[in-house]
Amino acid sequence: MTKSWQILLQCLAYVAFAVVVGYFSSAPAYVHLDPNKALIKLSLSHAGQLKGECRRLTQEELEKLAPNMRRPLDCPRERLPLLVELILDGNLLYRELLPPTGLASDGASVAYARFAVEPGSYQLIARLRDSNREQGFDYEHGAHIELRPQQNFVVDFRAEPEGFIFK
Amino acid sequence: MTALRRFARANLEHIEGVFDRAFGPAWNPLYQLGALGWFFYWVVAVSGIYLFIFFDTGITDAYESVEYITNVQWYAAGVMRSLHRYASDAMVIVMMVHLIREFAMGRYRGPRSFAWITGVPILWFIYASGITGYWLVWDKLAQYVAIATTEWLDTLPIFGEAIARNFLHETTLSSRFFSLMVFIHIAVPLILLFIMWIHIQRHSSPKVNPPRGLAVGTLIMLMVLSFAYPATSQGPADLNVVAAVVDLDWFYLPAYPFLDMIPGITLWAVFGIGTVVLLLVPWLPPTRRQAVATVDLDNCNGCGRCVDDCPFSAVSMQPRTDDKPFAQEAVVDANLCTSCGICAGACPTATPFRRASALTPGIDLPNSSIRDLRDRTLSAADQLSGDARVIVYGCRAGVNLDALQGPSIATLCAPCTATVPPSFLDFVISRHHVDGVFLTGCREGDCFNRQGIRWVQQRIAGQRDPYLRTRVPRERIAKLWAGVAGPQQLADELDAFRNRLRGLGAFRKAAPKQNDHHG
């Protein structure tokens, strides 16, 4: 093979490599969400109430403890799971019983969910139960929302001061 | 596994053959993948340092500074940004092909498993470096990468608070997060560099720089690509709007679309299992390790040629432990020895001309000794008849030589072609055991034992000790580094060589000694 053919083949190899690198570094495009849809994102991190009642220790019990361990209240660490619901135009979009995190089940319960929906007007209701009540919810928030295509509508939660946050 | 490896190797060799024709064996990029990986790393590092001068951390500052880099200072920082991206992408390509080739060549077992195993974390660190880099631009792609990555991390049951909550909306996002990402994007590549350094520790004279011509060509290619198709951003990130359609870098982010198809924890499991399987590959299936080289102190004068020639730093010189009048002796580290036998081929005592004492070199392979090689050579040569008698020395990593055997052609397989000392060529030709010697093995530029072909060429050319004596007619020696995919070419070259030998006539400088078979 002559030198000029070799150089030509080398140039072709470099061009082919450059085309592969250049093209696949930013193409083809990936459609993560249908551009004609909107997204409702539920994300919350909240600790349920303690599962049991705190109990005041007797004087006798306190004296049995080391001096630096004498706390008057004995509270169980375990927390209650959260019950969270999202209702969109009367339809149940999400309902989960969220267990507390942590090895001792004493951490916050965490929810993270995404829902692709058609743009438009909706009545959105978010409800959360963090106590041991049998019926009803401890927090509830409803609002009329307008969703645009590709809008990222966030349902967040802060127990203090406002409860559910719609953004 | 072996069948898969052979299939991959045979197919790769066809592609390598094309590149051999275009670049020549010395510049063939497929033989320089590790060195090219280092080269791309340095391009990424230098361009990254330049970009860091102009980069600002902050929710809006990051994007604006990258826009300045790309559009205002396009001729310098913009080109650096493109080089940074494209060299990073090229690094992924050469890393993956390097992994496939090393698997196909079977260079991952025994002591060589060290390089294989230390290569596995390199995969993770290169991807971590690239992903954190895309994050910093804080454009639409960065938004997608940040959210998808944190959501994926949150599927691991190790984080108390969901990291993805940092990217819920603008009020939850902190500029300090960008400072953290810059730190990670600098720290991870530095750790990567450290692992890359460990990766090559068991190689003597590791190839960390590609040949200059290939490096220049590659850099020109990257520069032209950077000017012709500069890397750009995809619009500022806006957490109120979903990054619905993104132009992915498919070299770094091919796993991300799977996050929309399968649970994140499943993808972690796939990568975790994949990593474990990769780490176990050197033992799949388990094989018995070959006996390593041993030193015979009675025949070792501490010359150090074996140390110079060992491609795996398995031989070292240490103070003498016997009463011989030499300062040092060769010592083999059994953990590093790959049983290639190149050390025996370099030993000046490994000469078949020895008659005064038994042929026991200073360093040798117990299961494939130099003495055995001489016996097999003489036995095979004795069977030859007719004109243009040729002995073919090949290696166990090269093509199967059995098909070449004939009345005038004998074949011998050594662990590596460089296991055959140059004195053997002198011996069989000058003692008229054969009319010519044909050497073959792996593809030129890509010896299974890293340096075997190079050492053979240099020994014959008189550039490396032990030299092939000048009295040996070079026209009676032929070489074809055929690999496993070139048996037909090997047969054709051998025919052509024998035709040339016929033209030369018989070589009768010295008659065979009666006692060549003994001693």
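Residues numbered from 1 in each chain as written. Chains lettered and ligands numbered in written order. Predicted model: local features only at pLDDT ≥ 70, side-chain atom pairs only at ≥ 80, totals over all residues. Heavy atoms only, no water.

## Quick look at the sheet that holds strand β11 (residues 163-166) of chain A
All names here are of chain A. If you walk across this open sheet you meet the four strands as β7-β2-β10-β11, and the pairing is mixed. Unpaired on one side and paired on the other, β7 (109-117) and β11 mark the two borders of the sheet. When the angles between neighbouring strand axes are averaged without regard to direction, this sheet yields 15 degrees. As paired elements, strand β2 (residues 38-46) and β7 share nine bridges and run antiparallel to each other. Counterpart to Ala38 in the pairing with β7 is Val117. (Pairing = 2+ DSSP bridges. Helix = DSSP H or I, 4+ residues; strand = E, 2+ residues; numbered from the N terminus. Axes fitted to C-alpha atoms, helices over the stretch in contact; angles between N-to-C directions.)

## Observations regarding unusual backbone geometry
For the bond running from Ala27 of chain A to Pro28 of chain A, omega is -5 degrees, close enough to zero to count as cis. Along the chain, Pro28 of chain A falls in the loop between α1 (3-24) and β1 (29-31). Backbone geometry places Asp89 of chain A, a non-glycine residue, at a positive phi of 50 degrees. Assignment of secondary structure puts Asp89 of chain A in the loop between β5 (82-88) and β6 (91-98). Despite not being glycine, Arg450 of chain B shows a phi value in the positive range, around 70 degrees. Turning to its location among the elements, Arg450 of chain B is positioned in the loop between β8 (436-440) and α14 (452-460).

## Regarding the interface of chain A and chain B
The accessible area lost on association of the parts is a frequent measure of interface size. With 38 residues of chain A at the interface, the matching set in chain B holds 47 residues. Regarding the contact of chain A and chain B, the summed buried area is about 3,700 Å², with carbon and sulfur atoms giving 61% of it. The interface formed by chain A and chain B contains three salt bridges. Here Arg114 of chain A makes a salt bridge to Asp260 of chain B, at a shortest N to O gap of 3.9 Å. The interface formed by chain A and chain B contains 19 residue pairs in polar contact (both at pLDDT 80 or more). Among the secondary structure elements, those contributing two or more residues to the side of chain A that touches chain B are α1, β1, β2, β7 and β10 (152-158) of chain A. Among the elements that make up the side of chain A that touches chain B, the one with the highest residue count is α1 of chain A (11 residues). When the residues that make up the side of chain A that touches chain B are grouped by side-chain class, the tally is 22 nonpolar, 11 polar and five charged. (Contact = heavy atoms within 4.5 Å. Buried area = accessible area lost by both parts, 1.4 Å probe. Salt bridge = Lys/Arg side-chain N within 4 Å of Asp/Glu carboxyl O. Polar contact = N/O pair within 3.5 Å; in protein donor to acceptor, adjacent residues only side chain to side chain. Nonpolar A, V, L, I, M, F, W, Y, C, P; charged D, E, K, R; others polar.)

## Structural notes on the pattern of salt bridges
Oppositely charged side chains can form a pair if their charged atoms are brought close together. One pass over the full model with this rule turns up 28 salt bridges over all chains. The structure contains a network of salt bridges with shared partners spanning Glu16, Arg101, Glu102, Arg107 and Asp446 of chain B.

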